[in-house]
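# Analysis of the macromolecular model
So you can see what is in the structure, the chains are spelled out below.
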Amino acid sequence: MKTVPIPEFNGIHDGLRKTFDSGKTLPLEYRKKQLAQIAYMVQENAEAFKKAIHQDMLKPYLESALAELGPIVGQAVRAIQNLEKWTADEHVPEDELDGFHHGWDLKTVRVPRGVVLIVGPWNYPMILTLGPLIGAIAAGCCAVVKPSEVAPHFAELLLDLLPKYVDSSAYRVITGSVPEITALLDLRWDMIFYTGNERVGSIVAKAAAKFVTPCTLELGSKCPVIIDDKISPDDLKIAVRRIAWGKTQNAGQICVSPDYVVVPKTIYNEFIKLYKAAIESFYPDGAEKSDSYARIINESHFKRINDLVGKTKGDIALGGKSVAKEDGFFIEPTLVTDIKRDDVLMSDELFAPVLPVITVKDLDDAISFVNTIPSALAVYLFSTSDESKKKVTQRTRSGQVVFNETFGQLGVYELPFGGLGPSGYGSQMGRHTFEGFTFKRGSIDVPLTLEPMLGFRYPPYTQQASDFFNQMYQLPIPIPKETVAESVVDDLTDKIKHVMAL
């Protein structure tokens with residue numbers, strides 16, 4: 001792979017700092033032009049990008065168009081169309097002003113963070129690398145983009161194409177592996193945006209902490225699928241098809257892939273039957289012969305997945321076949337039943353076309369099981385019950401909660417997408433990516449003409465000033481004061497109600 005020599009990193013970093021300090025990236029017209037160039041780069045080199053991604057993991061061209069190229073052009077265009085709105089100052093409404101602040105000009109200004117580092121993953125190398133870059137450009141930042149070395153064809157293509165379309169004094173690509181990313185993390189950045197696994201995310205966070213650098217970390221997780229015990233037979237058919245589709249996209253190598261499914265005992269057998277039928281309908285001649293099914297990225301991941309399937313104590317109800325060839329590493333869509341919490345398949349994110357099935361009594365039982373596993377990027381629930389949706393929303397924790405769909409939420413740019421706890425922090429998607437690369441700077445303008453109103457605050461202090469400031473902590477409190485005895489009684493009442501409900 002072509003790389004930039006590590007000794008040149010300091011010079012590149014200094015050059016980007018010089019560009020940012022010059023104010024070159026601040027005008028909105030400049031930002032719009034750079035955003036348009038990203039979209040033109042994708043449109044004019046669409047086949048080259050699809051081919052490079054296919055060479056790296058045999059990802060079907062349609063999946064690249066759906067989840068890589070299309071979203072990037074869309075994000076760039078939406079950023080251009082909404083940039084004035086996103087960057088507009090936010091004035092404090094008059095009815096929210098403290099009485100003493102009337103006449104002051106109070107507002108929030110969106111300011112670019114500065115020179116940023118974007119570290120992309122291999123599984124969706126375009127959307128998860130250029131998506132953050134679009135947000136950084138819209139915010140007015142300068143950036144270094146580091147694509148994953150695990151997808152070398154895409155990384156080299158980006159290294160070649162990006163300088164032909166955008167301003168190289170503000171945006172650079174640096175390829176390479178561990179030595180290169182280690183050297184980059186030794187530099188002081190104004191923000192780091194990392195997408196990948198928790199182990200490397202922890203390393204990035206520690207490196208950033210040396211300089212108190214803020215980060216957005218989008219990490220992996222075990223995203224559960226819960227099927228409501230109240231689901232109808234017709235809705236179950238649709239649900240299983242959507243689960244199977246989300247699981248087989250990119251052969252399960254997606255951070256929001258359904259990692260395991262929690263099924264009520266009453267519909268367990270029907271679920272197995274429907275899942276097998278869905279996979280057969282997707283790949284009538286088998287997944288191995290299909291050009292609609294991706295391959296595992298490399299031999300290391302291939303061996304990891306095979307090792308997990310070999311060690312599980314569950315039963316292989318579907319699939320299990322794996323083949324290593326020169327043209328790619330194939331693992332068949334696999335369904336594993338009779339899984340317990342301590343099974344090897346439940347120890348970490350699978351990132352594979354392997355779906356463990358957990359059986360439970362009802363929705364409450366499902367929620368209890370899900371809550372034994374660290375917070376995920378998403379919790380999926382298939383249900384038409386508002387009560388069930390509310391219960392899962394309130395009693396589980398995740399970056400997003402998604403009803404009656406899997407994977408499709410990655411196309412919802414109107415809402416923030418991000419992790420919680422070990423699945424990361426910070427958010428992205430559309431405006432939210434832009435906001436991550438900016439910070440809200442408070443702006444306070446106190447007119448000099450208001451000096452007569454402020455003169456009493458200066459020494460020597462007077463009784464009039466003392467009386468005024470003492471009034472500030474005498475505001476009426478809108479909630480009645482509760483005595484200690486009342487608090488104890490309320491607590492006992494709540495406990496009695498809880499016991500009676502059991």
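Treat the numbers as computed from the prediction; the structure is a model and nothing was measured.

## A look at the pairing of strand β6 (residues 191-196)
- Counting buried positions along β6 yields 5 of 6 residues, so the element is predominantly enclosed.
- Bridge count between strand β3 (residues 115-119) and β6: 4 bridges; the pairing is parallel. Considered in β6, the bridge of Val119 is made with Tyr194.
- Following the chain from β6 across helix α8 (residues 198-209) to the adjacent parallel strand β7 (residues 215-219), one finds a crossover that is right-handed.

## Section: the pairing of β3
- Most of β3 is tucked away: 5 of the 5 residues are buried.
- Judged by which residues are buried, β3 turns out to be covered on both faces: Val115, Leu117 and Val119 on one side and Val116 and Ile118 on the other are all buried.
- Running through helix α5 (residues 127-139), the crossover from β3 to the neighbouring parallel element strand β4 (residues 142-146) is right-handed.

## A look at the state of the cysteines
- For the coordinates displayed, the defined rule picks out 0 disulfides.
- Of the cysteine sulfurs around Cys141, a residue in no disulfide, the closest is that of Cys142, at 7.8 Å.
- In this structure Cys215 is a free cysteine whose sulfur lies 14 Å from that of Cys141, the closest cysteine sulfur available.

## Describing the environment of Gly103
- Looking at where Gly103 falls in the secondary structure, it is placed in the loop between β1 (90-91) and β2 (105-112).
- Assessed through its relative accessible area of 48%, Gly103 is described here as partly exposed.
- Separated by 346 residues in the primary sequence, Gly103 and Thr449 place their C-alpha atoms 9.8 Å from one another.
- Those residues within four positions of Gly103 in sequence are excluded, and the remaining contacts are Pro447 and Leu450.

## Topic: the packing of aromatic side chains
- For the structure on display, the rule yields 17 aromatic pairs.
- Geometrically, the ring pair formed by Trp245 and Phe407 is edge-to-face, given 5.3 Å between the ring centres and 65 degrees between the ring planes. Note that Trp245 is positioned in helix α9 (residues 233-248) and Phe407 in the loop between β16 (398-403) and β17 (417-418), a separation of 162 residues in sequence.
- The exposure class of Phe407 is buried, given its relative accessible area of 6%.
- Summarising the aromatic geometry, the rings of Tyr293 and Phe330 are spaced 5.9 Å apart at their centres and angled 70 degrees between planes, so their arrangement reads as edge-to-face. Taken together, the positions of Tyr293 in the loop between α10 (268-282) and α11 (299-311) and Phe330 in strand β12 (residues 328-331) put the pair 37 residues apart, joining distant regions of the chain. The pair Tyr293 / Phe330 is uniform in exposure class, with both members buried.

Analysis parameters
Residues numbered from 1 in each chain as written. Predicted model: local features only at pLDDT ≥ 70, side-chain atom pairs only at ≥ 80, totals over all residues. Heavy atoms only, no water. Buried < 20%, exposed > 50% of the residue type's maximum accessible area, 1.4 Å probe, protein only. Helix = DSSP H or I, 4+ residues; strand = E, 2+ residues; numbered from the N terminus. Pairing = 2+ DSSP bridges. Right-handed = clockwise from strand over helix to strand, strands pointing away. Disulfide = S-S within 2.5 Å. Contact = heavy atoms within 4.5 Å. Phe/Tyr/Trp six-rings, centres within 6.5 Å; stacked < 30°, edge-to-face > 60°.

Function cannot be read off these values alone, since they describe shape.
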